[in-house]
Amino acid sequence: AQSVTQPDARVTVSEGASLQLRCKYSYFGTPYLFWYVQYPRQGLQLLLKYYPGDPVVQGVNGFEAEFSKSNSSFHLRKASVHWSDWAVYFCAVSMWSAGNKLTFGIGTRVLVRP
Amino acid sequence: AQTIHQWPVAEIKAVGSPLSLGCTIKGKSSPNLYWYWQATGGTLQQLFYSITVGQVESVVQLNLSASRPKDDQFILSTEKLLLSHSGFYLCAWSLAGNSDYTFGSGTRLLVI
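A quick note: this is a predicted structure, and the numbers were derived from the prediction, not measured.

Asker: What's the story with the interface of chain A and chain B in this structure? I'm lost.
Answerer: Accessible area lost upon the coming together of the parts is a frequently used measure of interface size. Opposite the 19 residues of chain A that make contact, chain B presents 21 residues. Here chain A is connected to chain B by 1 salt bridge. Between Lys 49 of chain A and Asp 100 of chain B there is a salt bridge, with the nearest N and O atoms lying 2.2 Å from each other. The interface formed by chain A and chain B contains 7 residue pairs in polar contact (both at pLDDT 80 or more). Breaking the side of chain A that touches chain B down by element, the ones donating at least two residues are β5 (32-38), β6 (44-50), β10 (87-95) and β11 (101-104) of chain A. Here the side of chain A that touches chain B gets 4 residues from one element, more than from any other, and that element is β5 of chain A. Looking at the side of chain A that touches chain B residue by residue, the classes come out as 9 nonpolar, 7 polar and 3 charged.

Asker: For this particular structure, what's the right way to read the sheet that holds strand β8 (residues 73-78) of chain B?
Answerer: Adjacent strands of a sheet form backbone hydrogen bonds with each other and so pair up, either parallel or antiparallel. Residue and element names in this part refer to chain B. Reading across from one edge, β1-β3-β8-β7 is the order of the 4 strands in this open sheet, with antiparallel pairing throughout. Two strands close off the open sheet at either side, each with one partner strand: β1 (3-7) and β7 (65-70). With strand direction ignored, the average angle separating the axes of adjacent strands in the sheet is 20°. Two strands pair when backbone bridges link them, and β1 and strand β3 (residues 19-26) are joined in this way by 5 bridges, in the antiparallel orientation. Within β3, the position partnered with Ile 4 by the bridge is Ile 25.

Asker: Whenever I open this one, the packing of aromatic side chains confuses me. Can you help?
Answerer: To describe a pair of aromatic rings, you give the distance between the ring centres and the angle between the ring planes. Counting across every chain of the model gives 17 aromatic pairs over all chains. On the numbers, 5.9 Å between centres and 20° between planes, the contact of Tyr 25 of chain A with Phe 67 of chain A is stacked. Here Phe 67 of chain A lies in strand β8 (residues 63-68) and Tyr 25 of chain A lies in strand β4 (residues 24-26), a separation of 42 residues in the sequence. Each member of the pair, Tyr 25 of chain A together with Phe 67 of chain A, is buried. Pairwise contacts between aromatic rings join Tyr 32, Phe 34, Tyr 36, Tyr 51, Phe 90 and Phe 104 of chain A together with Tyr 34, Tyr 36, Tyr 101 and Phe 103 of chain B into one cluster. One residue, Lys 49 of chain A, lies across the ring of Tyr 51 of chain A, its end atom 5.6 Å from the ring centre.

So, how was this worked out
- Residues numbered from 1 in each chain as written.
- Chains lettered and ligands numbered in written order.
- Predicted model: local features only at pLDDT ≥ 70, side-chain atom pairs only at ≥ 80, totals over all residues.
- Heavy atoms only, no water.
- Contact = heavy atoms within 4.5 Å.
- Salt bridge = Lys/Arg side-chain N within 4 Å of Asp/Glu carboxyl O.
- Polar contact = N/O pair within 3.5 Å; in protein donor to acceptor, adjacent residues only side chain to side chain.
- Helix = DSSP H or I, 4+ residues; strand = E, 2+ residues; numbered from the N terminus.
- Nonpolar A, V, L, I, M, F, W, Y, C, P; charged D, E, K, R; others polar.
- Pairing = 2+ DSSP bridges.
- Axes fitted to C-alpha atoms, helices over the stretch in contact; angles between N-to-C directions.
- Phe/Tyr/Trp six-rings, centres within 6.5 Å; stacked < 30°, edge-to-face > 60°.
- Buried < 20%, exposed > 50% of the residue type's maximum accessible area, 1.4 Å probe, protein only.
- Lys NZ or Arg CZ within 6 Å of the ring centre and 35° of its normal.

Next comes the structure, spelled out in structure tokens:
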């Protein structure tokens, strides 16, 4: 069965510093991978998605992620964090053969220090 | 442009009372529809999905039910709420055969 692991429940970063959020997936085959962001008391917004192809994908608001098949990972990065990046970030994997069910990790809460 | 609307925005309900949450998608015909639930501070669990009118598949048993009475409408309901039903409910849609989900803004439910 597909699964996603986000090992860091919470990450604290200073404004202007770089950010990396880790995501490891378990999936038999080639996955579709996603990063979503949930701002305080809001729904989910798609940051970026990976479909088989270029392993580095660019997203909105300066985010990018890199797919690694050998490491079964899809880490999210941002070069310079802004206070507005304070949110919960979810990694997700989709299995197209099961009705495109989107399975989420537990999320990583990002706190931004001024 | 496609829009997804969830109602109500928030509810406070008593244990044992009924619940009905709604979701409407405009601008897309025959979308796949999904209900997700998020416990406070938790991850998102898919509850139900529907690929066509009148057909709903249950993914997780939480004493809830779902129906799709129209192509653009998805309803989540229960006759008797439990405390454990508290949380954040999200509706989403995608095109058939497509993994791009678009989520609504959610309904926050508190059961007391």
